[in-house]
Amino acid sequence: MRRPLVAGNWKLNGSRASNRALLEGLTAGLAGLSTEVMACPPYVYLAEAVATAEDSGLLIGAQDVAEQASGAYTGEVSAAMLRDVGCTHVIVGHSERRTLFGDTDERVAAKFSAAKAAGLVPVLCVGESLAEREAGTTEAVVARQVAAVLDAVGPQGLDGAILAYEPVWAIGTGRTASPEQAQAVHRGIRDQLAAADARIGTETRILYGGSVKGANAAELFAMQDIDGGLIGGASLDAQEFLTICQAAAGRDS
Ligand code: 13P
């Protein structure tokens, strides 16, 4: 059984004060939830978030990571630094990094490898644009993005990693993929992983992201291959996010 995970990607939002309030709201509501729950604040707040989350069970992840380990790379943050401040997870390949900041499949694979090498759990995001969906290339695009990492690290390199399917057209638009649309892509990803290694295919958790809210989470998480969510806007409201976490916990029972 894959344990459900709900992760909040806070993106470029918040302040020290608002983060603290949000984290306190989250940790207060976590007790007894069977799902894993994670928050991914901006870099500068990570150390404080780790301290605030201490002993609550809330996982703290970063939103991105350098592909390099150290050196003359102004502005970058390494995987070892993220580990050093207590992060356990890191998102790599988010579509905003891919489309706005030029992260190629190869760079995403390098970031994935850097995370693994430092002992972080990578959360690998994949997903097609609206034009790609309309052109009927969703499966091919997602398969290419997954293959870039599989080729770089091998099937065993995916062991313990998390995938997230986030159709670009559903991110921040209020337009979510239908449960059936999402399930079809998740199934395809799982089949691709299983073809490389049966156990990795069965065990890897695949999250859905893109306009998930309290009101639509349960129907998405009811699908066989949707193991939780990667949440943007709705993760900035503790009550809304906890409602999503409860929907994921319901999947377990
Ligand atoms: P929204 O939930 O705001 O659509 O964002 C999804 C996302 O990009 C999470 O990484």
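Further up the page is the structure itself.
Being a predicted model, the structure only gives us computed values, none of them experimental.

## A look at the environment of A21
And then number 1: When you line up the elements, A21 lands in helix α1 (residues 16-30).
And then number 2: According to the relative accessible area criterion, A21 is partly exposed, its value standing at 47%.
And then number 3: Sequence spacing of A21 and C125 is 104 residues, and the spatial spacing of their C-alpha atoms is 28 Å.

## Thoughts on the site of the ligand
And then number 1: Neighbouring the ligand are 13 residues, the closest being K11, H94, G172, S211 and G233.
And then number 2: Contact distances for the ligand include 3.1 Å between an oxygen atom and a side-chain N or O atom of N9.
And then number 3: Contacts to the ligand include E166, whose side-chain N or O atom sits 2.9 Å from an oxygen atom.
And then number 4: Expressed as a share of its isolated accessible area of 310 Å², the protein-covered part of the ligand is 95%.
And then number 5: Judged by the proximity of its atoms to the pocket grid, the ligand belongs to the second largest pocket.
And then number 6: A class-by-class count of the residues in the shell around the ligand yields 4 nonpolar, 7 polar and 2 charged.

## Observations concerning the environment of G71
And then number 1: With respect to the element layout, G71 can be found in the loop between β3 (59-62) and α3 (79-84).
And then number 2: Take G71: its relative accessible area is 62%, and that puts it in the exposed class.
And then number 3: Through-space distance from the C-alpha of G71 to that of Q156 is 28 Å; in sequence the pair is 85 residues apart.

Conventions adopted
Along each chain, numbering runs from 1 in the same order as the chain's sequence is written. Restriction of local features to residues with pLDDT of at least 70 applies here, the model being predicted, together with a cutoff of 80 or more for giving and counting side-chain atom pairs; totals for whole chains, interfaces and linings are based on all residues. Side-chain calculation: all heavy atoms of the structure are included, whereas hydrogens and water are not. Put simply, DSSP H or I for four residues or longer makes a helix, DSSP E for two residues or longer makes a strand, and each gets a number counted from the N terminus. Summary of the burial criterion: residues with accessible area below 20% of their type's maximum are buried, those above 50% are exposed, and those between are partly exposed, where the area comes from a 1.4 Å probe applied to protein chains only. When we say a residue is near a molecule or strand, we mean one of its heavy atoms is within 4 Å of it. For this analysis, a polar contact is any N or O atom pair within 3.5 Å, provided that within protein one partner can donate a hydrogen and the other can accept it, and provided that sequence-adjacent residues contribute only side-chain to side-chain pairs. We get accessible surface area from the Shrake-Rupley algorithm with a probe of 1.4 Å; when it comes to residues, only the shown protein chains can shield them. Cavities and pockets were defined on a 1 Å grid built from protein atoms only: a cavity is a group of points that admits a 1.4 Å probe but offers it no way out, a pocket is an open group of points flanked by protein on both sides within 12 Å along at least five of seven lines, and a lining residue is one with an atom within 4 Å of any such point. Here the criterion for a molecule occupying a pocket or cavity is that more than half of its atoms lie within 2 Å of the pocket grid points. Each residue is assigned to one of three groups, with Ala, Val, Leu, Ile, Met, Phe, Trp, Tyr, Cys and Pro labelled nonpolar, Asp, Glu, Lys and Arg labelled charged, and all others, Gly among them, labelled polar.

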